[in-house]
Each structure stands twice: as C-alpha cells, then as structure tokens.
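# Residue-level structure breakdown
Residues per chain, in single letters:
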Amino acid sequence: MVASDSLAEFLREQLTPLGRITMRRMFGKTGVFCNGLMFGMVTDNMLYLRVDDHNRAAFKEAESFPPLSYEKQGCTIDLAFWRAPERLFGEPDELVMWSRVALAAARRVAAKRERTVPGRTSKPQPAW
C-alpha cells in the first residue's frame, strides 16, 4: 500500500535538509527520492531506508527489521530496504541523520551499477 498523504507530507517536510524530496508510486509502494535518487520506500505507512554493507550493522543494532521483501517463484527477494526505527519519527534530527546514511548507501549502489554496466559496443557488421 502506498504512503498516506499525511505521511508523504511529513517526510517531505522533515527531510528537506537532504535536498529536493519527491515521492513516486511504484509497484504498490511509494519510492522516496532525494534529487532523483531513491533512498527510501514506504509501504503500509512504514518507512524503509536503503541498506548496504556499510550501514546494515546500524540497522541490525537498532532492530529495525524485517527488511522489505517479496515472494517470487517460492523465493524471498530482499529489496535492501530496512524499516526505519520507530523512534525516528519523534526525533527529526535523527530521522535526517538515518536518511542521510541511507542516501549515501543509495549513491554507492548507483555508482556500483554504473561501473558494472558494460559499455555499449557496436555489433560487428557482416562483410558482404
């Protein structure tokens, strides 16, 4: 389920120190973007933040799981977004700090994807 209007407005207001915050509905959820880079998702009015190897330990320590996942062909697919700790909603500065860490993870994931996408090469043309 997508983010309620009130949660979406709350997140836009609270996260403005990060940059331009936008939201887009996708796959029955709401993507949370900063300057065009997705660092969060909302489903069932719960915020999930991007996790990678650099920040996963902090999320585990805060017991902010389970990760956002879905079932596909009998397998559970982890989306690398973990639920934001509930206490963040009462602590605006801490919400921004955790979101900043998630945004950094999103940047690392994006940079890694750019490095692993093979360069486009032209196909050899047949010699006639």
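In what follows, the structure referred to is the one given above.
Reading the values: the criteria
- Residues numbered from 1 in each chain as written.
- Predicted model: local features only at pLDDT ≥ 70, side-chain atom pairs only at ≥ 80, totals over all residues.
- Heavy atoms only, no water.
- Helix = DSSP H or I, 4+ residues; strand = E, 2+ residues; numbered from the N terminus.
- Buried < 20%, exposed > 50% of the residue type's maximum accessible area, 1.4 Å probe, protein only.
- Salt bridge = Lys/Arg side-chain N within 4 Å of Asp/Glu carboxyl O.

## Some words on unusual backbone geometry
- One non-glycine residue with positive phi stands out, namely Asn-35, at about 50 degrees.
- Along the chain, Asn-35 falls in the loop between β2 (29–34) and β3 (37–43).
- In this structure, Asn-45 is a non-glycine residue whose phi angle is positive, near 55 degrees.
- With respect to the helices, strands and loops of the structure, Asn-45 is situated in the loop between β3 and β4 (46–50).
- Given a relative accessible area of 40%, Asn-45 falls into the partly exposed group.

## With respect to the pattern of salt bridges
- Taken as a whole and judged by the stated rule, the model has four salt bridges.
- Across the salt bridge formed by Arg-56 and Asp-53, the nearest N and O atoms sit 2.8 Å from each other.
- Take Arg-56: its relative accessible area is 23%, and that puts it in the partly exposed class.
- With a relative accessible area of 71%, Asp-53 lands in the exposed category.

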